[in-house]
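Read off the chains here:
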Amino acid sequence: MIELRGIVKRYGRLVALDHVDLSIAEGERIVIIGPSGSGKTTLLRTINFLETIDEGEILFDGRPAGYRQDRKGRLVLEKQRVICALRSQIGMVFQHFHLFPHMTVLENVMEGPVTVKRTPREEARALALDLIGKVGLMDKKDVYPAFLSGGQKQRVAIARALAMRPRLMLFDEPTSALDPELVGEVFTAIKALAAEGMTMVIVTHQMGFAREMADRVIFMDNARFIYEGSPVEVFSGEMANPRVKAFLESVL
Amino acid sequence: MRGRPWVAALTLGLSIIVAAVPLMGADSPGTPDGYALLAEASRLVQEERLAEAVAVLRKIPAPAPGEDAGLFVRSRIDAAKILLGLGDLDGASASCHEVLALLPSNLEAKNLLNEIRDARTPRWVKFLRDMKTYLPTLLRATGMTLLLVLATMLISPVAGLAIALGRISRMRVVSGVFWCYIWVFRGTPLLLQLFFIYYGLPSLGVTLEPLTAAILGLGLNYSAYLAEIIRGAIESIDAGQMEAAKALGMTYWQAMRRIIIPQTYRRLVPPVGNEFIALIKDTALVSTIAMVELMRAANQIYSATFNVFILFQAAIVYLVLTSFFTVAFRRLEDALGVYEIR
Ligand SMILES: Nc1ncnc2c1ncn2[C@@H]1O[C@H](COP(=O)(O)OP(=O)(O)OP(=O)(O)O)[C@@H](O)[C@H]1O
Ligand SMILES: [Mg+2]
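Residues numbered from 1 in each chain as written. Chains lettered and ligands numbered in written order. Predicted model: local features only at pLDDT ≥ 70, side-chain atom pairs only at ≥ 80, totals over all residues. Heavy atoms only, no water.

Re the site of ligand 1
All names here are of chain A.
Logical step 1: In the region of ligand 1, 13 residues are neighbours, and S36, G37, K40, T41 and T42 sit closest.
Logical step 2: Within the contact set of ligand 1, an oxygen atom lies 2.5 Å away from a side-chain nitrogen or oxygen of S36.
Logical step 3: Here ligand 1 loses 61% of its free accessible area of 630 Å² to cover by the protein chains.
Logical step 4: Secondary structure elements with two or more residues in the shell around ligand 1: β2 (14–24) and α1 (40–47).
Logical step 5: The element best represented in the shell around ligand 1 is α1, accounting for three residues.
Logical step 6: Split into classes, the residues belonging to the shell around ligand 1 amount to four nonpolar, seven polar and two charged. (Near = heavy atom within 4 Å. Polar contact = N/O pair within 3.5 Å; in protein donor to acceptor, adjacent residues only side chain to side chain. Areas by Shrake-Rupley, 256 points an atom, 1.4 Å probe, with all protein chains shown as cover. Helix = DSSP H or I, 4+ residues; strand = E, 2+ residues; numbered from the N terminus. Nonpolar A, V, L, I, M, F, W, Y, C, P; charged D, E, K, R; others polar.)

In structure tokens form, the structure reads like this:
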């Protein structure tokens, strides 16, 4: 469905992504793990063009998308309209939620369809209520985010992303900012989504969750994919790659 | 004699009459005795022996029927002036009436009597009388001040927002132009800007009504201030908000309009409220470009009445306005903060 080829991303002299290739198939669940600063967030952000790449190409359904070359051969983002259309097919859930504080839960979830897709309010409302119900927050629908717990906020953020009916969901450490006792409710929401066959890329430090969710686990280090494999291979305790082994031992 | 102009005037008047005596000749119809008394009084006034001067003036007798009344009238008028100055209003009044008994239409005496009546009226009665006369003017002027305030309050946030958005534009030219605007209008006195618009523009072929010039000047100036405040508020919104909006597929302007700008409202109220309080007082500056607003009206009425209370009254109107808006902004801030935990 979406393919990254030879992606290079630099911040000045620092290379954040070093010739990364990733192919995401329909319905696939990819979990990315790796030490801090290895480029996981940067990778997710390039997928929905929040970060512009310096080299490589991104393909949607086999066709290059989002970039063109300027006269000097450098990659530049396509017009805003094109980028927005691509982004609206991809949902993103942030570590720090980034709910819109001036809108109630219901308004947060309705915002995407109403503003971006121009969905009629009534229709958007029905869809939003359905999604709020699915993440178990019907009783909070008219509450402002400031009055929610971290776990509740993250579930609203998931519902908000889903309201755009994305083809792909990106999760960047969705539980890292949560107290341990609130992690479970967010995982439950994501698992429910997985059960419906949603394609997703998840960055997480929760190895138990990674093992349970992943079709494929990718280990990133130093801006590169060091290892890719099935969860069984990665978590069986017989990891051959010393870097991955060291990392797993440090987090488990 | 400093501080007593009437003494100086009087001395001068008496001296002229005394100096005129020799020219009138010894056989003029007045009493030679009377001229001597007038000269004596003049000397006493010069020595500031005022009570004695009055006594001397009073010695000048009433003219016999058919005789010239000039000397007598002079003496009683002068006596009345001195008595008025000494605060003996009854004495002064009696002296005037002596003149009027003889010459019922004597203007000088009548004017003096008016002055005496005025001196008898208590201050508060005069204040109320002035109030009644000038209240309509004052109210109209207050209305004008309010109009200036409200017009600027409507114009400057809208223009300020536009300037702020231009200022944060990634297009260098756009942001540069608005930077210049803010630089000029915040860096020069409002008074100078008003003068330029009202007195300077006509020489460039643009002539504006005082009201238009005043609203334009205040609007341009306050837009620059508000632009910087609004820019600060926009930049204070967590960058994650823009990211989240973009991740949903919003364009930059959609994100600004729906997500970023609405979140600044609450944060804007206190600093913008401060600016608007300053604005209420700054409207006084447009009195310099032929606008009759509260300050100018108070000034005019004060010049006409020398009544200090008019200034207090203007102060009270300003205080009422500033207090009202202070409370209003407080309420607005609370109302806009419903989504925050307090
Ligand atoms: N906007 C930026 N400007 C400069 N450097 C950046 C920027 N964003 C990220 N980096 C750098 O790029 C590298 C990769 O960062 P990234 O956030 O992708 O790591 P990560 O794997 O998500 O780490 P973590 O597990 O801590 O979230 C880091 O060295 C980081 O300092
Ligand atoms: Mg990260």
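A few points about the interface of chain B and chain A
Logical step 1: Between chain B and chain A, the contact holds 22 residues from the first and 27 residues from the second.
Logical step 2: Viewed at the interface, chain A and chain B are joined by two salt bridges.
Logical step 3: Measuring nitrogen to oxygen at the nearest pair gives 2.1 Å for the salt bridge that ties E243 of chain B to R45 of chain A.
Logical step 4: On the surface where chain B and chain A come into contact, there are seven residue pairs in polar contact (both at pLDDT 80 or more).
Logical step 5: Elements with a contribution of two residues or more to the side of chain B that touches chain A: α11 (239–247) and α12 (252–282) of chain B.
Logical step 6: The leading source of residues in the side of chain B that touches chain A is α11 of chain B, at seven residues.
Logical step 7: Residue classes in the side of chain B that touches chain A are distributed as eleven nonpolar, six polar and five charged. (Contact = heavy atoms within 4.5 Å. Salt bridge = Lys/Arg side-chain N within 4 Å of Asp/Glu carboxyl O.)

Some words on a nonpolar patch on the surface
All names here are of chain B.
Logical step 1: On the surface, a nonpolar cluster with roughly 370 Å² of combined accessible area is contributed by V308, F309, L311 and F312.
Logical step 2: Relative to the assigned elements, L311 resides in helix α14 (residues 309–336).
Logical step 3: For L311, a relative accessible area of 38% translates into the label partly exposed. (Patch = residues over 30% accessible without salt bridge, like charges linked within 9 Å, V, L, I, M, F, W, Y side chains within 5 Å. Buried < 20%, exposed > 50% of the residue type's maximum accessible area, 1.4 Å probe, protein only.)

A short note on the sheet that holds strand β1 (residues 2–11) of chain A
Residues and elements named next belong to chain A.
Logical step 1: Spatially, four strands are ordered β2-β1-β4-β5 in an open sheet, and the strand pairing comes out antiparallel. Unpaired on one side and paired on the other, β2 and β5 (63–64) mark the two borders of the sheet.
Logical step 2: Sheet topology note: the β1/β2 ladder contains seven bridges and is antiparallel. Note that in β2 the partner of R10 across the bridge is V15. (Pairing = 2+ DSSP bridges.)

What to know about the pattern of salt bridges
Logical step 1: Under the criterion given, the structure shown has 34 salt bridges over all chains.
Logical step 2: Close ionic contact of E51 of chain A with R45 of chain A constitutes a salt bridge, the shortest N to O distance being 2.8 Å.
Logical step 3: Given the relative accessible area of 12%, E51 of chain A is considered buried.
Logical step 4: Residue D130 of chain A pairs with K134 of chain A through a salt bridge whose shortest N-O separation is 3.9 Å. A residue pair is termed a helical-turn pair when its members lie 3 or 4 positions apart in one helix, as D130 of chain A and K134 of chain A do in helix α4 (residues 121–134) at four residues.
Logical step 5: When its relative accessible area of 41% is taken as the criterion, D130 of chain A is described as partly exposed.
Logical step 6: Because the salt bridges share partners, they merge into one network encompassing E40, R43, E47, R49 and E52 of chain B.

Quick word on the domain arrangement of chain B
Logical step 1: Annotation of chain B at the domain level lists domain 1 (5–120) and domain 2 (124–336).
Logical step 2: With centres defined by C-alpha atoms, the gap from domain 1 of chain B to domain 2 of chain B works out at 60 Å. (Domains from an automatic or database assignment.)

Quick word on the nonpolar core
For soluble globular proteins, the rule of thumb is that nonpolar side chains tend to be buried together.
Logical step 1: Formed by 93 residues in total, the largest nonpolar core has its most connected members in L22, L43, I47 and L168 of chain A together with M256 of chain B.
Logical step 2: Among the nonpolar cores identified, the runner-up in size contains 53 residues, and V31, V135, L137 and F209 of chain A belong to it. (Core = buried A, V, L, I, M, F, W, Y, C linked by side-chain atoms within 4.5 Å.)

Some details on the pairing of strand β12 (residues 224–229) of chain A
Residue and element names in this part refer to chain A.
Logical step 1: Examined bridge by bridge, strand β11 (residues 216–221) and β12 share five bridges and lie antiparallel to one another. The partner of F219 across the bridge, within β12, is Y227.
Logical step 2: Linking two consecutive strands that pair antiparallel, namely β11 and β12, is a turn of two residues; a positive phi of about 50° is found at N222 within it.

Quick word on the sheet that holds strand β10 (residues 199–203) of chain A
All names here are of chain A.
Logical step 1: The strand order across the open sheet built from six strands is β8-β9-β10-β3-β11-β12, with neighbouring strands paired in mixed fashion. Looking at strand neighbours, the two that pair on one side only are β8 (90–93) and β12, the edges of this open sheet. Strand-to-strand twist across the sheet, computed as the mean angle between neighbouring axes with direction ignored, equals 20°.
Logical step 2: Bridge analysis of strand β3 (residues 29–33) against β11 gives four bridges, and the strand direction is parallel. Pairing of I32 across the sheet is with I218, part of β11.
Logical step 3: Of the strands in this sheet, β3, β9 (168–172) and β10 are in contact with helix α6 (residues 180–195), which crosses β10 at around 150°. (Axes fitted to C-alpha atoms, helices over the stretch in contact; angles between N-to-C directions.)

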